[in-house]
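# Tertiary structure, described
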Amino acid sequence: MNSFRTRLTFIMISIIALSVSAAGILMMTTFKNNHINALEDNMVRQMQLIAAKMEWRSGDIEGLINYYTSEAKELKKLTDARLTFIRSDGVVIGDSDYDAHEMDNHLEREEVQVALANGIGRTVRPSETMDQRMVYVAIPVANASITEPHVIRMAMSLVEVDQSIGRLTMVLIGGLILLFLFAALISYRIALGLTRPLDQITKVAKKIKNMDYRARVKVTKQNEIGELGVAINAMADSLEIQMERIKQNESQLESVLANMINGIVMIDAKGQILLMNRRAEEVLGFSARELVGRHFVEAKQQYELAQIIQESLDTRRHIREEIMFYFPEERLLELNLVPISQSGPGELGGVLLVLQDVSAIRRLERMRSEFVANVSHELKTPITAVKGFAETLLGGAVKDEETTRTFLQIIYDESERLNRLIGDILELSKIESRRVPLIFSPVELDSFISKTFRVLESEANQKGIQLHCKMEPGLFVEADEDRLRQIMMNLLSNGINYTPEGGSVSVIIDEPDNDHIRIVIKDTGIGIPKKDLPRIFERFYRVDKARSRSSGGTGLGLSIVKHLVELHKGTISVESNAEVGSTFIIELPIIQ
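In this report, the structure presented in the accompanying data block is examined. Remember, predicted model here, so these are calculated numbers, not experimental data.

### Quick look at the overall build of the protein chain
What the protein chain contains, in helices and strands, is 14 helices and 17 strands. Expressed as a percentage of the 592 residues in the protein chain, the buried residues total 38%. For the protein chain, contacts bridging at least 24 residues in sequence account for 58% of all contacts bridging at least 6. Total accessible area on the protein chain is roughly 34600 Å²; 55% of this is exposed by carbon and sulfur atoms.

Here it is, written out as structure tokens:
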């Protein structure tokens, strides 16, 4: 507070100093201007009197110079000022202080031009012949004795004016010093009276900062500082009420978190656990006292959980995953990791981990899938029998061979299609229930695509379809090779089946970044209408049902492909235009 008191005193003194200085400068400027104006007016009156009383002559230049020079010197004794007589063409014909023969033409002098134009010319400037500031005043003279008007110019030095201003300046400086001393004493007394109440307010504010919300300012005067004390007291009242509300809200929040059926774990950007509710303690098998304030890797749960949390912190995106936990008991948990943003845009505040026990839900889904699998399995037995009888009949056991063969061929084709359908249902059921074991290993994509093309060459050659592959050499991906081949076979077979004769099917593989492989399967087939694109991966969904059945499709292939890609933690998308072709884009992580 002492520093504020000192600053306030200094500010008051500075304001007084600036005010007095400005007044002094204004006074000196006004005094100088008034003095010069009065001097100029007096010079004008003297020159008018000289012009009226003086005899004006004309003739040769030498005679004029001698006459007017003599007159100028006589007049200088009377006026104590330098006089100059100038002809209308600017030639100096007489001067009281200098030889007119050696003087320059004065027609371009400012005071001469103004005098000839307006009647009186005035100017203040350093003299070109005298090393000091001079005031020049000139008036024109018209007389019957001279054919053209002449100019009388009078010049006086401003040395006396400057000396007077200097004396006034010294007086002002002395008065200002005395005023400074007096103002310093008064300013300090005023600042002391203003800052004493502020000292008390500061002490109360520090107590409030230390969470002592009962501290109050004693208000003795109803001035501005008194109003400040009242405001501080009102702020303390408001803070006391708000803190009570915050404590109440915290209690309610703790009650909600403690009774939630899902586990909640809050982790900051550095990986430290900030909050755990009771359900999270039950799921993870650790108490909040053991983990809060420590890094999440110290939870010593299964390694996959720590990997997922670290991935969410690194990628700053929402991650949903299911993990089988075996401690403290076996259960399937759904993990949702949601990034928490701070006040600034793009600043990561941490991750909110939501743990949901989905064991019962997945058990019900598995029961449903098993039911479908059992039904399909039961259907497969009679269909296999029908297929066997059809093969027997096709061997020539009926008299009307042509008709019988036609019907039997239909029976055979339908039974074959039903067989594929049931097989796809069983496959999809296993994939959806995550009962498909994936064996990940490095897959060299160049040889992998070559082997896949060899399997499909005969089918493509029958329709005259060209198979193309474009990729960088030496690309690898960690995947289940059999399932990856199933994905490629399904998509390439679709491309061949739905591409007219003479078309092409292309595979383009590249590496968009250091972590992913992109596989693009492009054909020149019939394409997919835009309205059907959002539903193309649904089970049993067909764009053209008649054509799909004639090509042998079951409507489950793309659904199987989508689930297999997701099991590889990848993504699949499609771009297509009707009658132009389709492009399927798969992105897989290089390392699982």
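### Digging into the packing of helix 11 (residues 445–462) against helix 12 (residues 481–497)
Remark: helix 11 packs on helix 12, axes separated minimally by 10 Å, with the N-to-C direction vectors making an angle of 40°. Taken together, helix 11 and helix 12 sit at an angle that is classed as oblique. Both helix 11 and helix 12 take part in a crossing whose hand is right-handed. Here helix 11 contributes Leu 445, Phe 448, Ile 449, Lys 451, Thr 452, Phe 453, Val 455, Leu 456, Glu 459 and Ala 460 to the contact with helix 12, which in turn contributes Glu 481, Leu 484, Arg 485, Met 488, Met 489, Leu 492, Ser 493, Ile 496 and Asn 497. Looking at the contact of helix 11 with helix 12 residue by residue, the classes come out as 12 nonpolar, three polar and four charged.

### Here's the deal with the packing of aromatic side chains
Scanning the model with the defined rule gives five aromatic pairs in all. Here the aromatic rings of Trp 56 and Phe 85 are separated by 5.9 Å at their centres, their planes lie at 75°, and the arrangement is edge-to-face. On the criterion of sequence distance, the pair formed by Trp 56 in the loop between helix 1 (2–53) and helix 2 (61–79) and Phe 85 in strand 1 (residues 82–86) is long-range, its members being 29 residues apart. Judged by relative accessible area, Phe 85 falls into the buried class, the value being 1%. Judged by centre distance (6.4 Å) and plane angle (80°), the rings of Phe 537 and Phe 584 are edge-to-face.

### A few points about helix 5 (residues 224–258)
For helix 5, with 35 residues, the first-to-last C-alpha span of 50 Å sits near the 51 Å given by 1.5 Å per residue. Within the span of helix 5, buried status applies to Ile 225, Gly 226, Gly 229, Ile 232, Asn 233, Ala 236 and Leu 257.

### Structural notes on the nonpolar core
Within soluble globular proteins, side chains that are nonpolar generally end up buried alongside one another. Core analysis: the largest hydrophobic core is formed by 47 residues, its most contacted members being Leu 445, Leu 491, Val 507, Ile 509, Ile 521 and Ile 586. Apart from the residues within four sequence positions on either side, Leu 445 is in contact with Met 471, Leu 475, Val 477, Leu 484, Ile 509 and Ile 517. Among the nonpolar cores identified, the runner-up in size contains 30 residues, and Ile 50, Ala 51, Ala 72 and Val 137 belong to it.

### Description of a negative patch on the surface
Taken together, the side chains of Glu 472, Glu 511, Asp 513 and Asp 515 make up a negatively charged region of the molecular surface. You can see Glu 511 is positioned in strand 14 (residues 504–513). Using a relative accessible area of 34% as the deciding quantity, one classes Glu 511 as partly exposed.

### Description of the sheet that holds strand 10 (residues 348–357)
An order of 7-6-10-9-8 is seen for the five strands of this open sheet, with the pairing classed as antiparallel. Taken across any chain shown, the strands that pair with only one partner, and hence form the sheet edges, are strand 7 (273–276) and strand 8 (319–325). Strand-to-strand, the axes of this sheet are offset by a mean angle of 20°, without reference to chain direction. As judged from the six bridges shared by strand 6 (residues 263–268) and strand 10, these two strands associate in the antiparallel manner.

### A few points about the pattern of salt bridges
In total, this model carries 23 salt bridges according to the counting rule given. Two residues, Arg 122 and Glu 40, come together in a salt bridge whose shortest N-O distance is 3.3 Å. Placement of Arg 122 in strand 3 (residues 121–126) and of Glu 40 in helix 1 is noted, with a sequence separation of 82 residues between them. When its relative accessible area of 34% is taken as the criterion, Arg 122 is described as partly exposed.

### Describing the environment of Arg 122
Taking the C-alpha atoms as reference points, Arg 122 and Tyr 136, separated by 14 residues in sequence, lie 5.7 Å from one another. Excluding its chain neighbours within four sequence positions, the residues that come into contact with Arg 122 are Asn 37, Glu 40, Asp 41, Val 44, Glu 111, Tyr 136 and Val 137. Within the structure, Arg 122 has its side chain in polar contact with the side chain of Glu 40 (distance 3.3 Å).

### Focus: a nonpolar patch on the surface
Taken together, Leu 179, Phe 182, Leu 185, Ile 186, Ile 190 and Leu 194 make up a surface patch of nonpolar side chains, about 520 Å² in accessible area. Summarising the element assignment, Ile 190 is placed in helix 4 (residues 159–209).

### Structural notes on helix 11
A rise of 1.5 Å per residue sets the reference length of helix 11, with its 18 residues, at 26 Å; its end C-alpha atoms lie 26 Å apart and thus fit the reference within 8%. The largest bend along helix 11 reaches roughly 50° and is located at Leu 456. For helix 11, the full list of buried residues reads Leu 445, Phe 448, Ile 449, Thr 452, Phe 453, Leu 456 and Ala 460. Tucked inside the fold, the buried residues of helix 11 contact strand 11 (441–444), strand 12 (466–471), strand 13 (476–479), helix 12, strand 14 and strand 15 (516–523). The N-terminus of helix 11 is capped by Glu 444, whose side-chain oxygen sits 3.3 Å from the backbone nitrogen of Asp 446. Two residues or fewer after helix 11 comes Gly 464, characterised by a positive phi angle close to 65°.

### Focus on the sheet that holds strand 5 (residues 150–157)
The five strands lie next to each other as 2-1-5-4-3, forming an open sheet whose pairing is antiparallel. Strands with a single pairing partner mark the edges of an open sheet, and in this sheet they are strand 2 (92–95) and strand 3. Taking each pair of neighbouring strands and ignoring which way they run, the sheet shows an average axis angle of 20°. Where helix 3 (residues 110–118) meets the sheet, it contacts strand 1, strand 3, strand 4 (133–141) and strand 5, and its direction lies at approximately 175° from that of strand 3.

Procedures and definitions
- Residues numbered from 1 in each chain as written.
- Predicted model: local features only at pLDDT ≥ 70, side-chain atom pairs only at ≥ 80, totals over all residues.
- Heavy atoms only, no water.
- Helix = DSSP H or I, 4+ residues; strand = E, 2+ residues; numbered from the N terminus.
- Buried < 20%, exposed > 50% of the residue type's maximum accessible area, 1.4 Å probe, protein only.
- Contact = heavy atoms within 4.5 Å.
- Areas by Shrake-Rupley, 256 points an atom, 1.4 Å probe, with all protein chains shown as cover.
- Axes fitted to C-alpha atoms, helices over the stretch in contact; angles between N-to-C directions.
- Parallel < 35°, antiparallel > 145°, perpendicular 65-115°, else oblique.
- Left-handed = near helix turned anticlockwise from the far one by under 90°.
- Nonpolar A, V, L, I, M, F, W, Y, C, P; charged D, E, K, R; others polar.
- Phe/Tyr/Trp six-rings, centres within 6.5 Å; stacked < 30°, edge-to-face > 60°.
- Expected span 1.5 Å × (residues − 1).
- Core = buried A, V, L, I, M, F, W, Y, C linked by side-chain atoms within 4.5 Å.
- Patch = residues over 30% accessible without salt bridge, like charges linked within 9 Å, V, L, I, M, F, W, Y side chains within 5 Å.
- Salt bridge = Lys/Arg side-chain N within 4 Å of Asp/Glu carboxyl O.
- Lys, Arg positive; Asp, Glu negative; His and termini not counted.
- Charge placed at Lys NZ, Arg CZ, Asp CG, Glu CD.
- Pairing = 2+ DSSP bridges.
- Polar contact = N/O pair within 3.5 Å; in protein donor to acceptor, adjacent residues only side chain to side chain.
- Bend = angle between axes of the 7 residues up to and from the residue.

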